[in-house]
Amino acid sequence: MDAADHPHPLAALPPGHFLALPPTFSNDPRTSLTTASHAAPGLAPNVASLAAADFDVDVRTGFLPPTANVTRLFAPYDVWEDALDAARGAGPGDGLRLGGCGNGKREQAWREAVAAIGVLPTDQLDDLPHLRRAHLVLAFLLHFYVHSSPPKSHATPAEVPPSISVPLLAISPLVGLPPILTYADTVLWNVHAADKSRPTNMASNPPATTLGSFTNTKSEAGFYLVSAECEAAGAAALALMRQCLDELFLADELALRRLTVYLRQLAVQIDRVGDITLRMMTEVDPEEFYHLIRPWFRGGDGDGPNSPGWIFMGADEHALSEAENKLAGDNVVGRKFSGPSAGQSSLVHAFDIFLTVDHAPRPDEETGPVPLATGTATAAVAAKSPAGPETSTPATVIKLNATPLRAGTNDEASPASEHPHQQKSGVVEATFLQRMLQYMPLPHRTFLLHLSSHPTPLRDLVIKRADTHPALAAAYDEALAALRRFRDKHMRVVSRFIVQQARRAPSDRIRALLGDAREAEEIVEVEVDGLRGTGGTPLIRFLKRCRDNTSRAMVTEQ
Ligand code: HEM
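Conventions adopted
Residues numbered from 1 in each chain as written. Predicted model: local features only at pLDDT ≥ 70, side-chain atom pairs only at ≥ 80, totals over all residues. Heavy atoms only, no water. UniProt positions renumbered as here; feature names shortened; annotations may be inferred. Helix = DSSP H or I, 4+ residues; strand = E, 2+ residues; numbered from the N terminus. Contact = heavy atoms within 4.5 Å. 1 Å grid on protein atoms, 1.4 Å probe; cavity = no way out; pocket = protein on both sides within 12 Å on 5 of 7 lines; lining within 4 Å. Points joined across faces, edges and corners; volume = space filled by probe spheres on them. Buried < 20%, exposed > 50% of the residue type's maximum accessible area, 1.4 Å probe, protein only. Polar contact = N/O pair within 3.5 Å; in protein donor to acceptor, adjacent residues only side chain to side chain. Salt bridge = Lys/Arg side-chain N within 4 Å of Asp/Glu carboxyl O. Axes fitted to C-alpha atoms, helices over the stretch in contact; angles between N-to-C directions. Parallel < 35°, antiparallel > 145°, perpendicular 65-115°, else oblique.

Per an unreviewed UniProt entry, the chain goes by Indoleamine 2,3-dioxygenase and derives from Apiotrichum porosum.

Peer 1: What is the right way to read the UniProt feature "binding site: heme b" (unreviewed entry) in the chain from this model?
Peer 2: In the numbering used here, UniProt assigns the "binding site: heme b" (unreviewed entry) feature to H490. Note on placement: H490 falls in helix 19 (residues 470–503). Excluding anything up to four places from it in sequence, H490 contacts T277 and L543.

Peer 1: Honestly, empty space enclosed by the protein in this entry has me stumped. Any pointers?
Peer 2: Rolled over the atoms, a probe as big as a water molecule pinpoints where empty space is left. Per the counting criterion, the structure on display carries nine cavities of 30 Å³ or more. Computed from the structure, the second largest cavity encloses a volume of approximately 150 Å³. As for the second largest cavity, its lining consists of 14 residues, of which G93, L96, T215, L292 and L513 are closest to the centre. Of all elements in the fold, only helix 12 (286–297) and helix 20 (508–514) reach the threshold of two or more residues within the lining of the second largest cavity.

Peer 1: Where do I start with the side chain of H359 in this structure?
Peer 2: Here H359 shows up in the loop between helix 14 (346–355) and helix 15 (377–381). Overall, the relative accessible area of 13% leaves H359 in the buried class. Separated by 2.9 Å, the side chains of H359 and D352 make a polar contact.

Peer 1: I'm lost on the pattern of salt bridges in this one. Help?
Peer 2: It is possible for side chains bearing opposite charge to pair when their charged atoms get close. Summed over the entire model, instances satisfying the criterion amount to 20 salt bridges. A salt bridge links D85 to R72, with the shortest nitrogen-to-oxygen separation between them at 3.0 Å. On the criterion of sequence distance, the pair formed by D85 in helix 4 (residues 78–88) and R72 in the loop between helix 3 (36–39) and helix 4 is long-range, its members being 13 residues apart. Assessed through its relative accessible area of 39%, D85 is described here as partly exposed. Given a relative accessible area of 37%, R72 falls into the partly exposed group. With a closest N to O distance of 3.5 Å, D508 and R511 form a salt bridge. Of this pair, D508 and R511 both sit in helix 20, three residues apart, which is roughly one turn of that helix.

Peer 1: Hey, could you run me through unusual backbone geometry in this one?
Peer 2: It is generally the case that most residues other than glycine have a negative phi and that most peptide bonds are trans. Across the junction of A75 and P76, the peptide omega takes the value 10 degrees, indicating a cis bond. At D56, a position not held by glycine, the phi torsion is positive, near 55 degrees. Tracing the backbone through its elements, the reader meets D56 in the loop between helix 3 and helix 4. Assessed through its relative accessible area of 16%, D56 is described here as buried. Its identity as a non-glycine residue notwithstanding, N216 has a phi of 60 degrees, on the positive side. Along the polypeptide, N216 turns up in the loop between strand 3 (207–210) and helix 9 (218–250). Using a relative accessible area of 16% as the deciding quantity, one classes N216 as buried.

Peer 1: Please clarify how the packing of helix 12 against helix 19 should be interpreted in this entry.
Peer 2: Packed helix pairs are characterised by how far apart their axes lie and by the angle those axes make with each other. Between helix 12 and helix 19, the shortest axis-to-axis distance is 8 Å and the interhelical angle comes to 75 degrees. Judged on the interaxial angle alone, helix 19 and helix 12 are roughly perpendicular. Contacts between helix 12 and helix 19 involve P286, E287, F289, Y290, H291 and R294 from the former and R496, F497, I498, Q501 and A502 from the latter.

Peer 1: Would you take a moment to explain the environment of L461 for this structure?
Peer 2: Structurally, the position occupied by L461 is in helix 18 (residues 458–465). The sequence separation of L461 and L472 amounts to eleven residues, and the corresponding C-alpha distance is 9.7 Å. Setting aside residues up to four positions removed in sequence, L461 forms contacts with L248, A251, L256, L259 and L472.

Given below as structure tokens:
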């Protein structure tokens, strides 16, 4: 495959598309991460190497920042910090309660106080670390505000006061994220290493403390820390991937031998990430996770496709690009962003892209591919024509190795028949990665798109040389087998933390912490088949499919 068959995805995106977002980083001097690629809207980044600095990926810490996260904002923004301190309280059970639990008076007083803060201009936040902290604080406030409110009818959107929505909408494009709590807020920017003065390192300086919390529980801290440990361990895997790409470029006999060794080492590193993921079982109490912590994560799409979404009061409608505004969907007033999920981590997606695991829907699938939760990312990737959903078509097809990445615009149209993954309803399907890309900081998103368009894909070479270099093919499959093992372990975690918990009533201890006067049986979520992930996916079917796609990528007989 030559470069002409493999256009860079960003180059194919129309200017101003939400996935492209170049102006948000290049035009504001506060975002010091401005790079050659971002500074040249419409031009593809240099694909000759994985120059990590361009993508905010550090050789030592991977997707975690190499320097300590900011702990607290200075005046006048400390008023947001104070509101956050008041919301979480001093210890477990001290903070605001989920809407509908308790009498709600304290929660109402807190919401009134937050609404009265007024709209602070954001211009004194003058560097990226402080902008990240501001996004984190405002996003935690946003979720505290929405979820401490009494439950509304299913048709009524939650209203976010201007004191939160306006600054959050101003800051979000500067950090390259949507205006909602993301994995970057809860994990990447929310942890400190044991020694803050040195970069995080899994062996000698692991992630040790967390900053933001909804519940102050050890479980919530453990949930963020174990995820951060996966990231820290992932740094070594990213370094190996970079070395592999260098060898791919040469592809002579010596390079192929080295590549074989690096791929075996990559398998070991992926296994480490899987083993760390299993530490969730000991570090996090599943019942606390499911009943106390996870409800705070719900996004504006939390009730599935018919969620009313959230309204960002006082927001300048032009603050978000036209394409991004489509996230609200047709006939819906509220914005329907998804809440945080470790699926938003760039790490495992980087493994998938590097090894070319294809998660695109296949025509041979009996049950049909995993549908998107309508109104969340669907709208971001599907172009809806004024004539309505029946005629909506994806306007731009971006190649993500074997997985086509579709980006929609209003200004181009192409016949539906050209797009085999389009459903009859006109809704265009996207892989989970395509949806999750929106929730990753822009440089990480760009990194993945860049990796996906590397001019010398690994898999092509492995297949071409499988007969003459069986050890290389076996090493490639070893890495895939490790990724499959990661997914098996992850499924055990999801089964314990979500599926099993949905079937049983919370204990008295948990109900006391919730301040919930309902009968335990009223809280059980029995429809396990219909369970959805934080990102809105039909859970078990989706995770099995991801695992099976990993095995399907193997090139030797198993
Ligand atoms: C208690 C711990 C965890 C729970 C309950 C959990 C839950 C979930 C759920 C529900 C999904 C489905 C997608 C969604 O809608 O969000 C998912 C997907 C995913 N999660 Fe986790 N997760 C946990 C820990 C982790 C960790 C530590 C990682 C590693 C970085 C991880 C990586 C992923 C990935 C990559 C996906 C996408 C599916 C795939 O590629 O197989 N998760 N997770």
